[in-house]
Amino acid sequence: MEKNIQHEKCSIIVITRETPLMILKRCINCIRSQTYKNIEIILLNANEPESSYKQAILDNNPFFSGVIRIDQPETHEFAKGKVRAIERSTGEYIAILNAQDTMPETRIAAIIHTFKENKDACLIYTDMAVQQENILEQTPCSTASHQFRYLSQAVFHRDSIHLAGSFDKDLTAHCDEEFLLRIQSLHLEFPLSSPETIISVCPDAYENYSSLESAIGYRQIGIKHAAYFKKNKRMKKELYHKIADSYQKSHVFLRYLQFRFKAYLTGGLHRRKGNA
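Below, the structure is looked at part by part. (Residues numbered from 1 in each chain as written. Predicted model: local features only at pLDDT ≥ 70, side-chain atom pairs only at ≥ 80, totals over all residues. Heavy atoms only, no water.)

### Notes on the packing of aromatic side chains
- In this structure the tally under the stated criterion is nine aromatic pairs.
- An aromatic cluster is defined as three or more aromatic residues linked by ring pairs; in this entry it consists of Phe156, Phe167 and Phe179.
- Sitting above the plane of the Phe167 ring, Lys82 keeps its charged end 5.1 Å from the centroid. (Phe/Tyr/Trp six-rings, centres within 6.5 Å; stacked < 30°, edge-to-face > 60°. Lys NZ or Arg CZ within 6 Å of the ring centre and 35° of its normal.)

### Some remarks on the environment of Gly217
- Residue position: Gly217 is located in helix α8 (residues 211-224).
- For Gly217, a relative accessible area of 0% translates into the label buried.
- Once the C-alpha coordinates of Gly217 and Leu171 are considered, the two residues, 46 residues apart in sequence, prove to be 5.9 Å apart.
- Ignoring sequence-local partners within four residues, the contact set of Gly217 consists of Thr172, Ala173 and His174. (Helix = DSSP H or I, 4+ residues; strand = E, 2+ residues; numbered from the N terminus. Buried < 20%, exposed > 50% of the residue type's maximum accessible area, 1.4 Å probe, protein only. Contact = heavy atoms within 4.5 Å.)

### What about a nonpolar patch on the surface?
- Judged by side-chain polarity, Phe261, Tyr264 and Leu265 come together as a nonpolar surface patch covering roughly 330 Å² of accessible area.
- Mapped onto the secondary structure, Tyr264 falls in helix α11 (residues 253-267). (Patch = residues over 30% accessible without salt bridge, like charges linked within 9 Å, V, L, I, M, F, W, Y side chains within 5 Å. Areas by Shrake-Rupley, 256 points an atom, 1.4 Å probe, with all protein chains shown as cover. Salt bridge = Lys/Arg side-chain N within 4 Å of Asp/Glu carboxyl O.)

### Description of the pairing of strand β2 (residues 39-45)
- Along β2, seven of the seven residues are buried, which leaves the element largely enclosed by surrounding structure.
- The sheet contact formed by strand β1 (residues 10-16) and β2 spans seven bridges and is parallel. In the strand pairing of β2, Ile13 is matched with Ile42.
- Between β1 and its parallel partner β2, the chain crosses via helix α2 (residues 21-32), and the hand of that crossover is right-handed.
- As judged from the four bridges shared by β2 and strand β3 (residues 68-71), these two strands associate in the parallel manner. Residue Ile42 lies in a different strand from β3, and its bridge partner there is Ile68.
- For the crossover from β2 across helix α3 (residues 52-59) to β3, the handedness is right-handed. (Pairing = 2+ DSSP bridges. Right-handed = clockwise from strand over helix to strand, strands pointing away.)

### Some details on the side chain of Glu74
- Inspection of the secondary structure puts Glu74 in the loop between β3 and α4 (79-88).
- In this view, Glu74 contacts Arg17, Ala46, Ala79, Lys80 and Gly81; residues no more than four positions away in its chain are not counted.

### Observations regarding the pattern of salt bridges
- Under the definition given, this model contains nine salt bridges.
- As a salt-bridge pair, Asp71 and Lys54 come within 3.5 Å of each other at their nearest N and O atoms. With a gap of 17 residues between them, Asp71 in strand β3 and Lys54 in helix α3 connect regions that are remote in the sequence.
- Judged by its relative accessible area of 40%, Asp71 falls in the partly exposed class.
- Note on Lys54: relative accessible area 16%, which makes it buried.
- For Asp245, the salt bridge is made with Arg260, and the minimal N-O distance between the two is 2.7 Å. Here Asp245, found in helix α10 (residues 233-249), pairs with Arg260, found in helix α11; they are 15 residues apart in sequence, far enough to count as distant. Of the two residues examined, Asp245 and Arg260, each falls in the buried class.
- One network of salt bridges, in which partners are shared, links Asp168, Glu178, Arg182 and Lys224.

This is how it looks when you write it as structure tokens:
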């Protein structure tokens, strides 16, 4: 199987910010150990110029031989850096990982094989194992999930960028979620569930913004995709709940009540599961 597909390159972008060198090396090594060998590694260094984390990377230059490096000091979701890295990448397929993520050595080969079998798919996402702490070894604390929540679960074909656009650098928060919403609205995604493709993620590496920024980001998404949410009442209700939850966490209770009421009007009397 692999001999027939190895000629197509996969670009894997690794985002690092304030990540211990040992953990970053673990991520790079899990990419280098992939059975699929035609891989381009791009390191998106989001550390500040004077950061000791950036200096550690410079001090270990031999280890990063062959890795394309992009310096883009940035916080939160690294939208500007992701756009730069995608523009720099040359692969037909693109994956974006955080430096805390790890994956089995067969993952990329299995995903690209699935692309070949499903010609209409522009994005394939896999199951994940969620680590409860930022640690070096996976432990029994990790929990498996089939839910599509993190960008690192996905590998997307370059065509998806042409069809749906890249990451929105102007959003206050949730640029990953908004990108995936565009993919979903075009029906370009395809699920792949198998033990050989499960990726291990650390939630601490995601959603690094305040609850108030979260609320603003969701409201921006609602405005940007008003036509989509108008046609999809279930998604609109869920968006209102997300906005309300974010305002509640940031103690802006008037806005919390406003959007909880909007959700009520949109979806009737029933509540979301797990919501008080």
